[in-house]
Amino acid sequence: MSYPKETLLYQQDSSKIRSLDIVVSGAYETFFYDSAQHKRLPETYGPGTCYGGMSILLNKKRSLRTVIARRDTRVLQLPRRDFRALCLASEQFFQYFTHKYGERMLNDEYAHFVKPASPPEANFLVADQLFSRRIETLEVRELLACPGATPIYEAARRMAAAKVSCLFVTDDETGTISGYCTDITLRDKVIAQQLDAARPVRDVVATPIVSINQGAYVYEAILLMFQTKTRYLLVERNGQYTGFLSRNKLLSDLAQSPFMFIQAVKLAQSTRELKRRWEMVPNIVNQLLTRGVKPEIVNQVISTVADTIALKVIENVLAEHGPAPAKFVFMVLGSEGRKEQTLVTDQDNAIIYEDKANEQRELVRAYFLRFATAVSDELNQIGLHFCTGGFMAKNSKWTHSLSHWKRNYHQWMSESNVETVMQFATFFDCRFLYGEVGLMDELQAFLHQELSQPLDRFLFFMAKNALQYEPPLTFFRGFRTFTQEGQQVFDLKKTMSPIVDLVRVYALQNQIFQTNTGERLAQLRERGVFKEKEYQELLHAYYYLMGMRLKKQARQLIDDRAAPTNYLDPKTLTQVEQVTLKEIFKVITDFQLKIKVSFTKSF
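Note that the structure is predicted; figures quoted are calculated from it, not measured.

As for the overall build of the protein chain
And then number 1: Along the backbone of the protein chain there are 21 helices and 21 strands.
And then number 2: C-alpha extents for the protein chain along the principal axes are approximately 90 × 60 × 50 Å.
And then number 3: The contacts of the protein chain with a sequence gap of at least 6 include a subset with a gap of at least 24, amounting to 71%.
And then number 4: Working note: accessible area of the protein chain is about 28,900 Å², and carbon and sulfur atoms make up 50% of it.

Considerations on the side chain of T495
And then number 1: By the element assignment, T495 lies in helix α18 (residues 492-509).
And then number 2: By relative accessible area, T495 is classed as buried at 4%.
And then number 3: Not counting residues up to four positions away in its chain, the partners in contact with T495 are P472, F490, L545, F585 and I588.

What about the pairing of strand β15 (residues 328-332)?
And then number 1: Within β15, 5 of the 5 residues are buried, which leaves the element mostly enclosed by the surrounding structure.
And then number 2: Residues F328, F330 and V332 point to one face of β15 and V329 and M331 to the other, with burial holding for every one of them.
And then number 3: Pairing of β15 with strand β16 (residues 349-353), which is carried by 5 bridges, proceeds in the antiparallel orientation. Note that in β16 the partner of V329 across the bridge is I352.
And then number 4: Bridge count between β15 and strand β18 (residues 431-435): 4 bridges; the pairing is antiparallel. In the strand pairing of β18, V332 is matched with R431.

Some thoughts on helix α14 (residues 402-414)
And then number 1: In this model α14 runs 18 Å from its N-terminal to its C-terminal C-alpha over 13 residues, within 8% of the 18 Å that 1.5 Å per residue would give.
And then number 2: Within α14, the full set of buried residues consists of L402, W405, N408, Y409, W412 and M413. Projection of α14 onto a plane perpendicular to its axis shows the buried side chains occupying an angular sector of 120 degrees, all on one side.
And then number 3: Residues of α14 that are buried make contact with β15, β16, β17 (399-401), α15 (418-424), α16 (437-451) and α17 (456-466).

Here's the deal with the sheet that holds strand β21 (residues 567-568)
Backbone-to-backbone hydrogen bonds pair the strands of a sheet. The strands run either parallel or antiparallel.
And then number 1: Read from one edge of the open sheet, 3 strands run β19-β20-β21, paired in antiparallel fashion. Both outer strands of the open sheet, β19 (482-484) and β21, are each paired with one neighbouring strand and no more.
And then number 2: Note: β19 against strand β20 (residues 487-491), 3 bridges, orientation antiparallel. Its bridge partner lying in β20, Q484 is registered against Q487.

Observations concerning the confidence of the model for the protein chain
And then number 1: The predicted model of the protein chain has a mean per-residue pLDDT of 89, with 95% of residues at 70 or higher.
And then number 2: Taken together, the stretch residues 117-128 has pLDDT below 50 and engages in 24 contacts with residues farther than four places along the chain or on a different chain.

Re helix α19 (residues 517-526)
Because each turn of an α-helix spans 3.6 residues, side chains separated by three or four positions in sequence point in the same direction.
And then number 1: Of all the 10 residues making up α19, 7 are buried; the element is thus mostly covered by neighbouring parts of the structure.
And then number 2: Restricting attention to buried positions, one finds in α19 the residues T517, G518, R520, L521, A522, Q523 and L524.
And then number 3: On its buried face, α19 is in contact with α18 and α20 (532-558).
And then number 4: Two to three positions downstream of the cap, the backbone nitrogen of G518 sits 3.0 Å from a side-chain oxygen, assigning the N-cap of α19 to N516.
And then number 5: G528, located one to two residues past α19, shows a positive phi value of around 80 degrees.

As for the pattern of salt bridges
And then number 1: Taken as a whole, this structure holds 25 salt bridges when the rule is applied.
And then number 2: The salt bridge involving E43 is made with R65; its shortest N-O contact spans 3.9 Å. Of this pair, E43 sits in strand β5 (residues 39-45) while R65 sits in the loop between α1 (53-58) and β7 (66-69), and the two are 22 residues apart along the sequence.
And then number 3: Overall, the relative accessible area of 2% leaves R65 in the buried class.

Quick notes on the nonpolar core
And then number 1: Core analysis: the biggest nonpolar cluster contains 137 residues, and I309, F330, F371, W405, Y409 and F427 have the highest contact counts within it.
And then number 2: Here this core takes 13 residues from helix α11 (residues 295-321), the largest share from any one element.
And then number 3: Beyond its immediate stretch of four places on either side in the chain, F330 contacts I314, N349, A350, I351, F371, V375, A393, F432, L433 and Y434.

Some remarks on the packing of α11 against α20
Packed helices, taken two at a time, are described by the angle their axes make and the gap between the axes.
And then number 1: The geometry of α11 relative to α20 is characterised by a closest axis approach of 9 Å and an angle of 55 degrees between their N-to-C directions. As summarised for this structure, α11 and α20 are arranged oblique, according to the angle between their axes. Contact with α11, carried on its side by P295, E296, V298, N299 and I302, involves Y543, M546, G547 and L550 of α20 and no other residues of that element.
And then number 2: Here the residues of the contact of α11 with α20 sort into 6 nonpolar, 2 polar and 1 charged.

Digging into the environment of T174
And then number 1: Note on placement: T174 falls in the loop between β10 (166-170) and β11 (177-182).
And then number 2: For T174, a relative accessible area of 53% translates into the label exposed.
And then number 3: Within the local environment of T174, its side chain forms a polar contact with the side chain of T176, the two groups lying 2.8 Å apart.

Details of the sheet that holds β7
And then number 1: Spatially, β2-β7-β4-β5 is the arrangement adopted by the 4 strands of the open sheet, whose pairing is antiparallel. Edge strands, defined here as strands with exactly one partner in the open sheet, are β2 (8-10) and β5. With strand direction ignored, the average angle separating the axes of adjacent strands in the sheet is 30 degrees.
And then number 2: Both strand β4 (residues 28-33) and β5 contribute to a ladder of 5 bridges, which runs antiparallel. Note on β5: the bridge partner recorded for T30 is E43.

About the thresholds
Residues numbered from 1 in each chain as written. Predicted model: local features only at pLDDT ≥ 70, side-chain atom pairs only at ≥ 80, totals over all residues. Heavy atoms only, no water. Helix = DSSP H or I, 4+ residues; strand = E, 2+ residues; numbered from the N terminus. Contact = heavy atoms within 4.5 Å. Areas by Shrake-Rupley, 256 points an atom, 1.4 Å probe, with all protein chains shown as cover. Buried < 20%, exposed > 50% of the residue type's maximum accessible area, 1.4 Å probe, protein only. Pairing = 2+ DSSP bridges. Expected span 1.5 Å × (residues − 1). Arc of directions from axis to C-beta. pLDDT = per-residue confidence, 0-100. Polar contact = N/O pair within 3.5 Å; in protein donor to acceptor, adjacent residues only side chain to side chain. Salt bridge = Lys/Arg side-chain N within 4 Å of Asp/Glu carboxyl O. Core = buried A, V, L, I, M, F, W, Y, C linked by side-chain atoms within 4.5 Å. Axes fitted to C-alpha atoms, helices over the stretch in contact; angles between N-to-C directions. Parallel < 35°, antiparallel > 145°, perpendicular 65-115°, else oblique. Nonpolar A, V, L, I, M, F, W, Y, C, P; charged D, E, K, R; others polar.

Right, dumping it as C-alpha cells:
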C-alpha cells in the first residue's frame, strides 16, 4: 500500500486498526492532539518499523495515536486476524508489543493521553480547572499595609476607607511584612479586651505570614491555607509580594469543590458530625479519581481531611482537660506523616513535650498520656482507627520529653539492626500537626547533626529494609500471588513499600527532611542523586500504584459495602493494566538493585 505525503491515516482513539502496518519506505509521523489541537509527543516510524500492534492488542482495535504519512510512504499490511494468530503462536512476538506498551505507559504524559475519557457525572468537581489552573491566572487582591507603629484606630480607618477586611502590618525597621490585622482581630483582641485603640497595631497582629509562588496551582494554595490555619496567603513573584488571596473568596468561587467539604469538616461541631464527614470521603475520592485527578492530589485531600479532623479533636480535648502543663508537639507518622493516606488508614502519632524540672516530670507525663488517650479514643470513634502496631501517643512508649526523643533517635541510628529498623522506620516520616513548632525544629536540628556522622551501619539496615519485599513478578513475567478468601491476590501496599523505603534511605543520606515520597524524589533529583529519567520512572510507578490502590478501596466501600483492603486479584485487571504493572515491577526491581549496590556493600 502506498500513501502520498500528508495523508491522514489514523486518528487517535477513533480510527479502527485493521492491520499491522510495516513501513517499507517513507515514514509515519505519529503524535497525540491535545485539547488545543497541538501535537504532543511526536514520533517518527521509519523503514523497518511497524505501527498498530499495541492498538490492536491493548486499545480495543482503535488507534492510540494520530498518524500521517510524512512523505511518499509504502507499507506492507499484516491483517489483524493474522497478527493475532502470530501473537497466540509466539509468546515472544506477543511480549514484544506488550512490553513496549508498558514502557511507554511509564511516561506520565503518554499515559495521560492514552487514558480514556471519563463520563461526566455530578460530583464535587464542578470546576476541574481547580487542579490545572495556576495562581498567576487569578485576580489577586491588592496589598494594603501600614507600619507596626501605626495606632490601632488609624489602621481600622484605613481598612474602612479601602473597604477591606485585612490589612498587613510591616516591621518598623526592616519594612518587611510581619503580620496582619483583620476585622476578627479588631473584634477579639481590641473590642472584646477593651484595649486602648491608640496602642500600636503591632500589639494585636495575627500570624503566621504564609506565602506561595504565583506559579503554584490553585489547589496547592487552598491546601496550604488549611495546613497552616491561615485565612490569607501572600502571592510572591521573583521575591516580591504582588498581592494576596483570601480563603473565603477562593472557597466561594469553588462552591462544589472538595475544599468546601474540608471547610465543612473544619466547621463541624460534634464527634457525630465529624464521623459522618469522614464516611463521605470514599465518595469524594472515587469522584476525584474518575475525573482524572492525580493520585498524589487525592492523597493530599485525604490527608488534609484527616488532619482537619485531628486538629478539631485535639482542640476539643484541650478545652475539656484544661491547658497543657508544658509546651508540646502532636506529630503524625507513617503514611499520615508522608501525606500519603489511603482509605485503609489508622492512627500513627506521637507527642514530644518540653523538658521540665524533676518534680514536675511525672505530673506532666501523666497529663499528656491522659490527653493522648482521649484524642485517640475520639479519633477511633470517628473512624480513624487505633494502630494495630500500637504506634500512638496513648502508648507510653511514644509520649516523651524532647531529650528522651533525642536519645531514641540516637539509639536507633547508632545501634541499628534488622528488627529496630523495620520497627522504627516510620519515625523517620514524622510530621508536625499541632503545638509548639520550635520543639519539632529542635528535633530536626538534632537529626541533622546525627546524620552528619558516619552512619554506614544505619543506612545498611535501612537499605536492607527497602529490599525486604520484592515485586510480585515471577521469572516468566507472571504475577506471583497468594490465596486470600479464595482469590489469588498480591498486596498493593507491600508492592509500593520498596519505593517508599528506598526513597527514604536516599533522603536520610542526603539530609532531606521532607516526608512526602514525591517531594523527597523531587529534592533528590535537584541534588543530582536521581537522573531525570529515574525520577520520572519512580514517580510515575509510585503514583500509578497509588491510584490503583485508592480506586479499589473506594469501590469496595461504595459498591461492596465492605472493609477496604490492599489485596488485588490480577485477573480483575485489564490487559493494559497488567502490562503496565509488569513494567512498573521491573522498574522497582531495577531500583532495588541500585540500592543494593549503593548501600549494602558498605557494611
